[in-house]
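# Structure at a glance
Okay, here's what each chain looks like letter by letter:
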Amino acid sequence: MASTNPQPQPHPRPGPHPAGAAASGPALDTPGRIEAHGIDHITDAERHGRPRELFAVWAAANVNYLSLVIGGVLVLMGLSLWQALAVIVIGNLFWLLTGFLAVSGPASGTPSEVITRAMYGIRGNRVNNAVTGWTISVCYFALNLAAAATAAVALIEKTGIVAGTGTEAAVVVVIAVFTLAISVYGHATIVRLYLPITLVLTAAFAVVAFAVLARTDFSHGPAEPLTGTELWATLMAGVTLIASGPLSYTTSADFSRYLPRTTPPRATAGWTALGGFLPGTAVCFLGACAATALDMSDPQSALEGILPSWFGPLFLLALVLGTIAVNAMTAYSAGLALQAVGLRVRRSLSVIIDGVVAVSLTLYALLVSDFLDTVSDVLQLTVVLLGPATAVYATDILLRRCRYDGEQLTDESPGSPFWYTAGVNPAGAVALLAGAAAAALCVNTLYTGPVADAVGGIDLSLPAGLLVSSAVYALLSRRARAAGPDAAAA
């Protein structure tokens, strides 16, 4: 068995390219052309672009309906407007972690789904991608698709058509087709499209902001203000809810891996984080402001009621467009995750598989009676896995000083320096499981964990998962390194 040492070691060039490798000849990452690369290594000759392009990519994904809904949920939970704003800012600061993970893309020239082989080993990473990569991504895809379908159906009904089950199903499929088309064309098309999408969405939400802010009660507070343990429990639940957004993007290197190796890490991290933080904070706060004057238990109808009549259909179209933008990125990463799990198909086909599964889940989700509760519960519960996964990834970047060899990472053979022990890196596996276990004990959402129960219902799953996973991974990795390269050999 190979070493558990987390530092990359010299190794001969890998053999044949894995699934998703480009065909022979130059693979051009060009808008309007289906991306040839999958999870294979991007050579220095194919690197291009500037880090500032990442801002629009992440901004387009965060000017969306779901962020508006979540902002409104905070006020419905019993927070005052200014308490909700504090929660929104703190929760969105986790975009700094998303930006930090993105620096590994230019360093390695591979997507996050491959870089994490350094943390979990070749085989261990397949399990990691199957759960924290593919499954959660498809669930997010379905959740957003359900929201977009609701808006699109409302738009259809404005024409006088009564939308039945068949119409709803057709709408879901049509939106999914547009979304998957962007994902199939891939990286360059996403980069090119998302700047105009960001501008269109910003203009649409500016109109919404004008209508909402004119009615906002800036002194709003609940009739019976929360105090003591109940207040802290609500604040922590809100932070967890907001943080689930940036933490769901442990795949940020997917969109930075084409940047030149010499790209300054601060620029990569900064533009990624800023692209998520600014619109995420603004749109969530807009939702909270709306909740001070409107019934945000049905946010779409409430907002339509205060908007100019001519803008109503445009608002619904903007909701659909925003969802397409975020879901195209989600499907893109989910397709890479499916390849990294070991499915030997082209990236374009893996994306289509994601879409079929997500559409099936969405058709089921449309039958859920309380959409807001579903959103809240799902997003909070995913933090049990996403928090620890993010912590392990970020800690590995620190330990290695972001030195990743992309060609070594694509080597899946037992001779790979990332084979570790029978294909699994014990440090990463134990750290992820320990962090998830700690977070599960502290949860207070779909169920109340024993730790949460002992502290009056305060959900500490987010800090517990992050801190435990990071500490365990750092400790086990340092011990393995100190023991020497032959310590774990067999």
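What you are looking at is a predicted structure, and each value in this text was computed from that prediction instead of being measured. (Residues numbered from 1 in each chain as written. Predicted model: local features only at pLDDT ≥ 70, side-chain atom pairs only at ≥ 80, totals over all residues. Heavy atoms only, no water.)

### Overview of the overall build of the chain
Note the following rule: Counting from the N terminus, the helices are the DSSP runs of H or I reaching at least four residues and the strands are the DSSP runs of E reaching at least two. Summary of the burial criterion: residues with accessible area below 20% of their type's maximum are buried, those above 50% are exposed, and those between are partly exposed, where the area comes from a 1.4 Å probe applied to protein chains only. Whether two residues are in contact is decided by their heavy atoms, any of which lying within 4.5 Å being enough. To measure how exposed things are, a 1.4 Å probe is used in the Shrake-Rupley method; for residues, cover is taken only from the protein chains shown.
When helices and strands are counted, the chain shows 20 helices and 0 strands. Looking at the chain as a whole, 58% of its 490 residues qualify as buried. Counting contacts in the chain only where the partners sit at least 6 residues apart, residues at least 24 apart contribute 85% of the total. For the chain, the exposed area adds up to about 18900 Å²; of that, 67% sits on carbon and sulfur atoms.

### Points about a positive patch on the surface
Definition in use: The patches described consist of residues with a relative accessible area above 30% and no salt bridge, like charges being joined within 9 Å and nonpolar side chains (Val, Leu, Ile, Met, Phe, Trp, Tyr) within 5 Å. Every case where a carboxyl oxygen of Asp or Glu lies within 4 Å of a side-chain nitrogen of Lys or Arg is listed as a salt bridge. Only four residue types enter the charge count, namely Lys and Arg as positive and Asp and Glu as negative; His and the chain termini do not. Taken as the charge location is NZ of Lys, CZ of Arg, CG of Asp or CD of Glu.
Among the surface-exposed residues, R401, R403, R478 and R481 lie close enough to one another that they form a single positively charged patch. Residue position: R481 is located in helix α20 (residues 461-483).

### Things to note about the side chain of S112
Locating S112 in the fold gives a position in helix α6 (residues 112-115). By relative accessible area, which is 3% here, S112 ends up buried. Ignoring any residue separated from it by four or fewer positions in sequence, one finds S112 in contact with T250, T251, S252, A253, D254 and Y393.

### Brief notes about the packing of helix α1 (residues 53-60) against helix α10 (residues 187-213)
Relative placement of two packed helices is described by the angle separating their axes and the distance separating the axes. The test is simple: Helix axes are fitted only over the stretch in contact, all axes being lines through C-alpha atoms; the angle between N-to-C directions runs from 0 to 180 degrees. Should an angle fall under 35 degrees it is called roughly parallel, over 145 degrees roughly antiparallel, and 65 to 115 degrees roughly perpendicular, with every other angle called oblique. Less than a right angle of anticlockwise turn of the near helix away from the far helix marks a crossing as left-handed, whereas a clockwise turn marks it as right-handed.
Running from amino to carboxyl end, α1 crosses α10 at an angle of 60°, the nearest separation of the two axes being 8 Å. When the axes of α1 and α10 are compared, the pair comes out oblique. Here the hand of the crossing between α1 and α10 comes out left-handed. The residues of α10 that touch α1, namely those facing E53, A56, V57, A59 and A60, are I190, V191, Y194, L195, I197, T198 and L201.

### Points about the nonpolar core
Let me state the cut-off plainly: The set of buried Ala, Val, Leu, Ile, Met, Phe, Trp, Tyr and Cys residues whose side-chain atoms join them within 4.5 Å is what this entry labels a nonpolar core.
Counting residues in each nonpolar core, the largest one holds 131 residues, and the members touching the most others are M119 and Y194. Among the elements that make up this core, the one with the highest residue count is helix α14 (residues 312-341) (16 residues). Beyond its immediate chain neighbours, meaning those up to four positions away, M119 contacts V392, Y393, D396, Y404, N425, G428 and Y473.

### Some details on helix α4 (residues 95-102)
Rules: The reported arc concerns the directions from the helix axis to the C-beta atoms and nothing else.
Every buried residue belonging to α4 is among W95, T98, G99, L101 and A102, and all of these are buried. In an axial view of α4, the angular spread of the buried residues amounts to 160°, which keeps them on one side of the axis.

### As for the side chain of S183
Along the chain, S183 falls in helix α9 (residues 165-185). Judged by relative accessible area, which is 0%, S183 ranks as buried. Contacts of S183, omitting those with residues within four sequence positions, involve N327, A328, A331, Y332, R347 and V351.

### What to know about the environment of L201
Structurally, L201 can be placed in helix α10. Expressed as a C-alpha distance, the spacing of L201 and L321, which sit 120 residues apart in the sequence, is 7.8 Å.

### Structural notes on the packing of aromatic side chains
Note the cut-off: Only rings of Phe, Tyr and Trp enter the pairing, Trp through its six-membered ring, and a pair is recorded when the two centres are within 6.5 Å. The plane angle decides the type: under 30 degrees is stacked, over 60 is edge-to-face, the rest tilted.
Using the criterion set out here, one finds 11 aromatic pairs in the structure. Linked through ring pairs, W58, W95, Y249, F255 and Y332 together constitute an aromatic cluster.

### Digging into the environment of I115
Counting through the fold element by element, I115 comes out in helix α6. Residues I115 and D254, 139 residues apart in the sequence, show an inter-C-alpha distance of 10.0 Å. Sequence-distant contacts of I115, defined by excluding residues within four places in its chain, comprise S104, G105, S108, T110, A253, Y393, Y404 and L409.

### What to know about the pattern of salt bridges
Enumeration over the complete set of coordinates arrives at 9 salt bridges. Note that R344 and E412 form a salt bridge whose closest N and O atoms lie 3.6 Å from each other. Of this pair, R344 sits in the loop between α14 and α15 (347-365) while E412 is found in the loop between α17 (406-409) and α18 (426-442), placing the two residues 68 residues apart along the sequence. The exposure class assigned to E412 is buried, which follows from its relative accessible area of 18%. The salt bridge partner of R400 is D396, with a shortest N-O separation of 2.7 Å.

### Looking at unusual backbone geometry
We note that R401 has phi near 55°; this positive angle belongs to a residue other than glycine. Note that R401 resides in the loop between α16 (371-400) and α17. What makes R401 exposed here is its relative accessible area of 64%. Positive phi values are uncommon outside glycine, yet C402 reaches one of about 55°. Structurally, the position occupied by C402 is in the loop between α16 and α17.

None of the figures reported here should be taken as evidence of function without further support.
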